Amino acid sequence: MNEGVSPVLVVPGLNGSGPAHWQSWIEGLIGAQRVHQVDWSRPDIDSWSARVEAAIGAQARPVWLVAHSFGCLASVVSASRQPDRIAGALLVAPASPDRFGITPRIPDTALPFPAVLAASRNDPWMKFMSAAHWAERWGARLVDLGEAGHVNTESGHGPWPAGLELFRQLQASAPAMSGSLQD
């Protein structure tokens, strides 16, 4: 990867993103790095956010986050601890923190970096109005994906050019990052 380019971290949700998932497609397409969890079947906000935080800290430059489902929650928690290390975040189909009993643990103030929250109107993991609430709290641009399910393989989201375009738009709208964190 070019030394002058901010790295991209892919942060999957529950059970990881399999090889046919849009995150795996984007990862391979743009040379992103995947954040791995110790146990993909046990969404634990402390463990998961610590893994995201470690992956962010391992980079010399601010990172772009491309997160899905519970990975969105882990990303926001981690990013709130080191906001100067984040170039921007694409948060796709976040899981509802209420389902995991962690709502009080999720930051509910504006993120100090550009963010897009892409949500579906028929996502079984978070109602659209709840996603709109979180987008407003985080200061993220809300993108209405229509009826796209959970935006995963089961809902037909393998290669997802529209998702890649959302990410590219986010990158283009962000202020230019100059220098590395070690400068």
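Look up a bit, the structure's there.
Residues numbered from 1 in each chain as written. Predicted model: local features only at pLDDT ≥ 70, side-chain atom pairs only at ≥ 80, totals over all residues. Heavy atoms only, no water.

Draft legend 1. Examining the packing of helix α1 (residues 22-30) against helix α5 (residues 161-173) more closely. At their nearest, the axes of α1 and α5 sit 10 Å apart, and the two run at 55° to each other. Between α1 and α5, the angle falls in the class oblique. The element α1 and its partner α5 pack so that their crossing is right-handed. Residues W25, I26, L29 and I30 of α1 touch α5, and the partners they reach there are P161, G163, L164, F167 and R168. (Axes fitted to C-alpha atoms, helices over the stretch in contact; angles between N-to-C directions. Helix = DSSP H or I, 4+ residues; strand = E, 2+ residues; numbered from the N terminus. Parallel < 35°, antiparallel > 145°, perpendicular 65-115°, else oblique. Left-handed = near helix turned anticlockwise from the far one by under 90°. Contact = heavy atoms within 4.5 Å.)

Draft legend 2. Spotlight on the pairing of strand β6 (residues 141-144). Bridge analysis of strand β5 (residues 115-119) against β6 gives four bridges, and the strand direction is parallel. Across the sheet, the residue bridging to A119 is D144, located in β6. (Pairing = 2+ DSSP bridges.)

Draft legend 3. View of the packing of helix α2 (residues 45-57) against helix α3 (residues 70-81). The contact between α2 and α3 brings their axes to 8 Å, and the two run at 60°. If you check the angle between α2 and α3, you find them oblique. Both α2 and α3 take part in a crossing whose hand is right-handed. Here α2 contributes I45, W48, S49, A50, V52, E53 and I56 to the contact with α3, which in turn contributes F70, G71, L73, A74, S75, V77, S78 and R81. Of the residues assigned to the contact of α2 with α3, the class counts are nine nonpolar, four polar and two charged. (Nonpolar A, V, L, I, M, F, W, Y, C, P; charged D, E, K, R; others polar.)

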